Amino acid sequence: EINVSNALFINTYTIANGTVQLEATKTLTGRELKAYEFDFVITDTNGNIVATGDNSEDKAAGVASKITFGTIGYTHNDFASGATDNGNGTRSKEFTYWMTELTSPGNAVVSGIDFDDSRFKVVVTVTENGFGTMSTAVKYYKLNAAATVGSTNLNDYTTEVMTPNFINEYSATP
């Protein structure tokens, strides 16, 4: 006969980290777009840089080039505060970022190019799925028509877009 009245069972629950890779496009009118010619940045709402990117391919004038950003990672610790219990064994938390173009790529002056001063709000919803995994969903928003250009008021960005597109214009200078 075995006595198990003092048996202790310990279960450990671990969660795999989650990641997201944000997307955007770049269009240059007036001349051909060269790969790695323009730089972009993703910042959190406190201004901390969380990812950088650049246009990754040559394209003809007026044709959009993909912008490649670094991966943003999330861990279980990111849910320490502010997470919403979804009532079904899952928890979610929204992370808000700004996506902008650097006006002087690589710290060089680019003659004849009017830079795009667009700012896009990016909302990433990260969900702990209750099965040891995380999933992410991304929404991009552009500045409302009635708002001031360059606004950092999150409420001024409610028009959802599929993919942010930065558009620059080149004009030959004499």
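The coordinates are above.
Residues numbered from 1 in each chain as written. Predicted model: local features only at pLDDT ≥ 70, side-chain atom pairs only at ≥ 80, totals over all residues. Heavy atoms only, no water.

Visitor: Describe the environment of Tyr 157, with residues and values.
Guide: Within the secondary structure, Tyr 157 sits in the loop between strand S11 (134–142) and strand S12 (159–161). The spatial distance from the C-alpha of Tyr 157 to the C-alpha of Asn 144 is 5.6 Å, given a sequence separation of 13 residues. Here Tyr 157 is in contact with Trp 98, Arg 119, Lys 121, Tyr 141, Lys 142, Leu 143, Asn 144, Gly 150 and Ser 151, once residues within four sequence places are set aside. (Helix = DSSP H or I, 4+ residues; strand = E, 2+ residues; numbered from the N terminus. Contact = heavy atoms within 4.5 Å.)

Visitor: Can you break down unusual backbone geometry residue by residue, with the values?
Guide: For Tyr 36, which is not glycine, the phi torsion reads 65° and is therefore positive. Along the chain, Tyr 36 falls in the loop between strand S2 (23–29) and strand S3 (39–44).

Visitor: Account for the nonpolar core, with residues named and values stated.
Guide: Within the largest apolar cluster, 27 residues are counted, with the highest numbers of intra-cluster contacts made by Leu 22, Tyr 74 and Met 99. Mapped onto this core, the elements with two or more residues apiece are S2, S3, strand S5 (65–69), strand S6 (72–74), strand S8 (91–101), strand S10 (119–128) and S11. When residues of this core are assigned to their parent elements, the largest contribution, four residues, is made by S10. Each residue touching Leu 22, except ones within four places of it in the same chain, is listed here: Ile 42, Phe 69, Ile 72, Met 99, Val 122, Val 124, Val 138 and Tyr 140. (Core = buried A, V, L, I, M, F, W, Y, C linked by side-chain atoms within 4.5 Å. Buried < 20%, exposed > 50% of the residue type's maximum accessible area, 1.4 Å probe, protein only.)

Visitor: Can you lay out the pairing of S2 for me, pointing to particular residues and giving the numbers?
Guide: Bridge analysis of S2 against S5 gives four bridges, and the strand direction is antiparallel. Considered in S5, the bridge of Ala 24 is made with Ile 67. Here S2 pairs with strand S13 (residues 165–170) via five bridges, running parallel. Paired with Leu 28 across the strands is Asn 168, a residue of S13. (Pairing = 2+ DSSP bridges.)

Visitor: If you had to explain the side chain of Thr 27 to someone new, which residues and values would you point to?
Guide: As for its position among the elements, Thr 27 is in strand S2. Leaving out residues up to four positions away in the same chain, Thr 27 has contacts with Gly 62, Val 63, Ala 64, Asn 165, Phe 166, Ile 167 and Asn 168.

Visitor: Quick one: what's the story with the environment of Val 50, residue by residue and with numbers?
Guide: Within the secondary structure, Val 50 is located in strand S4 (residues 49–55). When the C-alpha atoms of Val 50 and Ala 145 are compared, they prove to be 28 Å apart, with 95 residues separating the residues in sequence. For Val 50, the residues in contact, after removing those within four places along its chain, are Ile 42, Thr 43, Asp 44, Ile 72 and Tyr 97.

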